[in-house]
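Structure assessment
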Amino acid sequence: MSAWFDYTVNGFVIGNIYALLAVGLALIYGVANLVNFAHGSVYVVGAYIGWAAITHLGTPLPLTLLCVVVVCALVGVAIERIGLRALQGSSRIAPLLATIGIGLVLDQVVQLVWSPDPRAVPMQVPEWRIAIGGGTIGALDLLIAGIGCSSAAVLYGFLRFTKLGWAVRATAQDSDAAQQMGVDINRVNMAVFAIASVLSGISGLLVGMYYNQINPAMSFEATLKGIVALIIGGLGNVPGAIAGSLILGLTESYGIALFGTSYRNLFAFVLLVAMLLWRPNGLFAPRRAAAPEPMVGTFIARSLPVKLPRWVVPVVLLAAALLPLLNQPYLLQIGANSLMYAMLALSLTLVAGTVGQVSLGHAALLAIGGYASGLLALDAGWPVALAIPAAGLITAGLGTALVWPAFRLTGHYVSIATLGIGEIVSLVILNWTGLTRGAIGLGGIPPLELFGVDLGSVQGTYWLCLVVLVLLALLQLRLLSSHLGRTWRAIRDDSVAARSHGVGEDRYKALAFGYGGFAAGISGAITAHVYSYINHETFGASLSVLALTMVILGGMGNVLGAVLGATLLIALPEAFRALAEYRILIYGVVLLLLIRFRPQGLMGTV
Amino acid sequence: MSALLELQGLNSFYGPVQVHFELSLEVRQGQIVCLLGGNASGKSTTMKSILGLQRPRSGSIRFDGADITGLPTPRIIRRGIGSVPEARRLFPAMTVRENLLMGAYARSDKPGIAADEARVLALFPRLAERLAQRAGTMSGGEQQMLAMARALMGRPKLICMDEPTMGLSPLFVDRVLELIQAINREGVTVFMVEQNASLALAIAHHGYVLQAGRIALQGAAGDLLQDHRIRDAYLGGAATG
């Protein structure tokens, strides 16, 4: 029994840490109708500021906390003022994508300043533990619970008894009406971002002390966990977020007790997807509450596609086909890479741009394709030329089946659900050792070959990718100009109108994800054979974000744009190899600048 | 009597669609002025322009002697304009009292706010019984009263009301109109947008009829009530020009 007591204490402590994250997300969602994907990055900033204050300045705990509070408040203000304010009035997806970009930038800055290596946070509380009923509670547990509870109390007092707190609540309920009472919405937003960031930063510091280790990569998980807790409690519901966090913390802790550590996140994300499907308004809202999407109208920026002179595409294509004749293996390598990414971008531009389902878990399709092809070739002994198209079909089927339950979601919820589904895929790959070899990964995947012709060389890979990409692009263009393409765009632009004209939305979304899964699956399969080794982290969430950046850069829904976006984002950083360590930082900044100044992308949305 | 609010030569657009064509009107100190018109005549846009929620492409809006064209909404409110928005737009999860105090958000004189709270509750005794109730749980008529009371809490010189009788039962319509007159008697100028012309003109001093973004008719409320053209105009105007 004593072990259960300890698991409960642990779950409660983790729940408090999640609550500090989720409350901020709920506040931000309340006033800005925005899920802040940069939230975990502020948490990392908080952790590192705390670490730096302790190790470099030798601050005692209260001063450490003060440093974290001040810096994170400033970061929050900067996020709102510099990153988001200018986006008011632009398409609904713009601020969401901007927070992703801001997150990337913050993570990279932390990495550049403090290196990607893990750091140990010195313990600043006494090491004693008291024994209660067979289990123990440590001083740090009490500190975390104390900070969690007192933050909640301060926040309650702020919202209930201060003028600014009233303005926050009024803005959350009806921001137009709040303005007409004289409330300055910008000030409210800024205050909320500051408060949320402070809570997030404190959470990061406490986590660092609890696990005695911090690293820049923990931001993504923190954002996700905060979002899971937020969804459990209901978007924008502050007390709900606290309850959701405790539920999540306890579920994880008991899950670890029953199944082991590697299942921990699986529990969190299954909980997330289950909530989105059955109780998208959270545990505390009545079931029949309004449809789970406060956002109506166009989610993505609209524009006309850029018209190119007729000769451009054939000439570029010819140049691409002749590239291997230059005999520059390095250049070809980059070319082949760009082409593989372009297939992924094609897939995502259809799903996100044409149908308007902004997927944040697209890399999971690569993983499915890669594993399917690799396993077929390795374990079933299939020839590579057969395994790759089979992997495409498997990905189409499996990918569609996995997102099928999420088809009724829209807007933000699609992004969150696909993010969760993507994480689940990666965790299943990690834990299904019998099939996937788990953490060891898949090694010795045979190289590319086509009916006995070896394509393992750089030239071979390049030509194969080029041919496959051209075929996929032609197919996609054909689909877009057909009845099917029009129906997809109709669903994106006005799903209610589409439905009232007898369009069975789910079927068409399934077709889009099916085709998207096929293209991405092929891309993943080719990648697997080129790399010869893949594991559950090869196709991670950052790849999904990169793919989305490519699609936005090219112009959502635009086939040529997707190819251009992929080529630019893969090839350009290679041209500036000296800047290699700034690569992801550059992606983040590019994403932010695009959203601000050219939301329709280089080639325009279709 | 001087003009408290003066719109001059407004041209407003929604994207490529022009909503106002050289719209001019004035609201004199101490009066009740109503703006009538059918659907899509530009009434609500007029209200949004005054409150700074929609910026006209050209033209000017002057309030209390100063140009307020293009100011952000909170600053316009702070100059002494109270708003009773279309469909009331209360803060549904806040109590009646919290809604009232939100109305005084732009003020910081605590004793004055307390005095105004008492004054407003005397005018709206029904609200006094329900101070701790959540605003979203009240009936439509009560909500309309709360919206009016909330606007009064800012101690405005001018109250702008967008369709104050919309969706109310006939009993409450009469009550709301009486209250508008009572508010006006206390010295607050009222500018209201209405679809129900005869009701609005019955309590107003002056009226304007908006038709496809232009003022088609204007005059003393009594004269307008007698005018046969008013019927055509506010029904949407089959007659052109």
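What you see is a predicted model; the values in this text were computed from it and never measured.

1. Considering the overall build of chain A
Within chain A, the regular secondary structure consists of 24 helices and 4 strands. Its C-alpha atoms give chain A a radius of gyration of 24 Å, within 12% of the compact-globule value 25 Å for 606 residues. For the C-alpha atoms alone, the extent of chain A along its principal axes is close to 70 × 55 × 45 Å. For chain A, the residues scored as buried account for 57% of the 606 residues in total. Taking all contacts inside chain A whose residues are at least 6 apart in sequence as the whole, residues at least 24 apart take part in 80%. For chain A, the exposed surface amounts to about 24,100 Å²; the carbon and sulfur share of it is 68%. The averaged location of the 23 negative side-chain charges in chain A is 11 Å from the averaged location of its 30 positive side-chain charges.

2. Quick word on the overall build of chain B
Tallying secondary structure elements over chain B gives 10 helices and 12 strands in all. The C-alpha radius of gyration of chain B comes to 17 Å, within 12% of the 18 Å expected for a compact globule of 241 residues. A principal-axis box enclosing the C-alpha atoms of chain B has dimensions of 50 × 35 × 35 Å. In chain B, buried positions account for 52% of the 241 residues.

3. Details of the interface of chain B and chain A
Contact with chain B, which involves 24 residues of that partner, is made by 18 residues of chain A. Between chain B and chain A, roughly 1,900 Å² of surface is buried when both sides are summed, and carbon and sulfur atoms account for 60% of that area. Our enumeration of links across chain B and chain A arrives at 4 salt bridges. Here Arg160(A) ties to Glu98(B) by a salt bridge, and the two come within 3.7 Å at their closest N and O atoms. Put simply, chain B and chain A have 8 residue pairs in polar contact (both at pLDDT 80 or more) between them. Sorting the residues of the side of chain B that touches chain A by element identifies helix H2 (73-78) and helix H3 (96-103) of chain B as the ones contributing at least two each. Counted by class, the side of chain B that touches chain A contains 15 nonpolar, 4 polar and 5 charged residues.

4. Section: the domain arrangement of chain A
All names here are of chain A. By the assigned domains, chain A splits into domain 1 (2-278) and domain 2 (329-536). Averaged C-alpha coordinates put domain 1 and domain 2 at centres separated by 33 Å. Residue-level contacts link 23 residues of domain 1 with 18 residues of domain 2. At the junction of domain 1 and domain 2, the tally comes to 0 salt bridges. At the junction of domain 1 and domain 2, the tally comes to 2 residue pairs in polar contact (both at pLDDT 80 or more). Those elements giving two or more residues to the side of domain 1 that touches domain 2 turn out to be helix H4 (93-114), helix H9 (218-233) and helix H11 (264-278). Looking at the side of domain 1 that touches domain 2, its residues break down into 20 nonpolar, 3 polar and no charged.

5. A closer look at a nonpolar patch on the surface
Residue and element names in this part refer to chain A. Together, Val-109, Leu-112, Val-113, Leu-572, Phe-576, Leu-579, Tyr-582 and Ile-586 make up an exposed nonpolar region whose accessible area comes to about 660 Å². It is H4 that provides the largest number of residues to the nonpolar patch, a total of 3 residues. With respect to the element layout, Leu-579 can be found in the loop between helix H23 (559-575) and helix H24 (583-597).

6. Some details on the pattern of salt bridges
The tally for this structure, following the rule as stated, stands at 25 salt bridges over all chains. The partner of Asp176(A) in a salt bridge is Arg89(B), with the nearest N and O atoms 3.6 Å apart. Linking Asp176(A) in helix H7 (residues 175-179) with Arg89(B) in the loop between strand S8 (81-84) and H3, this pair reaches from one chain into another. We classify Asp176(A) as partly exposed; its relative accessible area is 33%. For Arg89(B), a relative accessible area of 32% translates into the label partly exposed. Close ionic contact of Glu186(B) with Arg119(B) constitutes a salt bridge, the shortest N to O distance being 2.5 Å.

7. Overview of the nonpolar core
By size, the foremost hydrophobic cluster in this structure holds 200 residues, and its most contacted members are Phe37(A), Ile231(A), Trp488(A) and Ile526(A). It is helix H1 (residues 2-32) of chain A that contributes the most residues to this core, 15 residues altogether.

8. Examining unusual backbone geometry
All names here are of chain B. A positive phi angle is found at Ala-40, which is not glycine, with a value near 60°. As for its placement among the helices and strands, Ala-40 is situated in the loop between strand S5 (32-36) and helix H1 (43-51). In this model, Arg-155 sits at a positive phi of 45°, which is unusual for a non-glycine residue. Considering the arrangement of structural elements, one finds Arg-155 in the loop between helix H6 (140-152) and strand S9 (158-162).

9. Observations regarding the sheet that holds strand S12 (residues 214-220) of chain B
Residues and elements named next belong to chain B. An order of S8-S9-S10-S5-S11-S12 is seen for the 6 strands of this open sheet, with the pairing classed as mixed. The strands lining the two open edges of the sheet, one partner per strand, are S8 and S12. With direction set aside, neighbouring strand axes in the sheet form an average angle of 15°. Pairing analysis gives 5 bridges linking S9 to strand S10 (residues 189-194), with the strands arranged parallel. The residue of S10 that forms the bridge with Met-161 is Met-192. Sheet strands in contact with H6 are S8 and S9, and its direction is about 170° off that of S8. Lying over the sheet, helix H7 (residues 170-185) contacts S5, S9 and S10, oriented at roughly 155° with respect to S10.

10. As for the packing of helix H13 (residues 329-354) of chain A against helix H18 (residues 458-480) of chain A
All names here are of chain A. Following both chains from N to C, one finds H13 and H18 inclined at 20°, their axes separated by 9 Å at the closest point. One finds that H13 runs roughly parallel with respect to H18. Between H13 and H18 the crossing geometry is left-handed. Taken together, the residues that form the contact of H13 with H18 break down as 18 nonpolar, 7 polar and no charged.

11. Quick notes on the pairing of S9(B)
Residues and elements named next belong to chain B. Counted residue by residue, S9 has 5 buried out of 5 residues, so it is predominantly covered. Going residue by residue along S9, you find Leu-158, Cys-160 and Asp-162 tucked away on one face and Ile-159 and Met-161 tucked away on the opposite face as well. Examined bridge by bridge, S8 and S9 share 4 bridges and lie parallel to one another. Counterpart to Ile-81 in the pairing with S9 is Leu-158. This β-α-β element, S9 to H7 to S10, shows right-handed connectivity.

12. So, the domain arrangement of chain B
All names here are of chain B. Taken domain by domain, chain B comprises domain 1 (1-80 + 156-241) and domain 2 (91-155). Here the C-alpha centre of domain 2 lies 24 Å away from the C-alpha centre of domain 1. Contacts between the two partners involve 16 residues from domain 1 and, on the opposite side, 17 residues from domain 2. When domain 1 packs against domain 2, close to 1,400 Å² is buried across both sides, 74% of that on carbon and sulfur atoms. Across the contact surface, domain 1 and domain 2 share 1 salt bridge. At the junction of domain 1 and domain 2, the tally comes to 1 residue pair in polar contact (both at pLDDT 80 or more).

13. So, the sheet that holds strand S4 (residues 23-28) of chain B
Whenever strands of a sheet pair, they do so through backbone hydrogen bonds, lying parallel or antiparallel. Residue and element names in this part refer to chain B. Pairing within the open sheet is antiparallel, and its 4 strands lie in the order S4-S1-S6-S7. Where the open sheet ends on each side, the last strands, each with one partner, are S4 and strand S7 (66-67). Taken together, the 2 bridges between strand S6 (residues 58-63) and S7 define a ladder with antiparallel strand orientation. Opposite Phe-63, over in S7, you have Ala-66 as the bridge partner. Packed on one face of the sheet, H1 meets strand S1 (3-11), S4 and S6 and runs near 115° to S1.

Parameters at a glance
- Residues numbered from 1 in each chain as written.
- Chains lettered and ligands numbered in written order.
- Predicted model: local features only at pLDDT ≥ 70, side-chain atom pairs only at ≥ 80, totals over all residues.
- Heavy atoms only, no water.
- Helix = DSSP H or I, 4+ residues; strand = E, 2+ residues; numbered from the N terminus.
- Rg over C-alpha atoms; globule rule 2.2 N^0.38 Å.
- Buried < 20%, exposed > 50% of the residue type's maximum accessible area, 1.4 Å probe, protein only.
- Contact = heavy atoms within 4.5 Å.
- Areas by Shrake-Rupley, 256 points an atom, 1.4 Å probe, with all protein chains shown as cover.
- Lys, Arg positive; Asp, Glu negative; His and termini not counted.
- Charge placed at Lys NZ, Arg CZ, Asp CG, Glu CD.
- Buried area = accessible area lost by both parts, 1.4 Å probe.
- Salt bridge = Lys/Arg side-chain N within 4 Å of Asp/Glu carboxyl O.
- Polar contact = N/O pair within 3.5 Å; in protein donor to acceptor, adjacent residues only side chain to side chain.
- Nonpolar A, V, L, I, M, F, W, Y, C, P; charged D, E, K, R; others polar.
- Domains from an automatic or database assignment.
- Patch = residues over 30% accessible without salt bridge, like charges linked within 9 Å, V, L, I, M, F, W, Y side chains within 5 Å.
- Core = buried A, V, L, I, M, F, W, Y, C linked by side-chain atoms within 4.5 Å.
- Pairing = 2+ DSSP bridges.
- Axes fitted to C-alpha atoms, helices over the stretch in contact; angles between N-to-C directions.
- Parallel < 35°, antiparallel > 145°, perpendicular 65-115°, else oblique.
- Left-handed = near helix turned anticlockwise from the far one by under 90°.
- Right-handed = clockwise from strand over helix to strand, strands pointing away.

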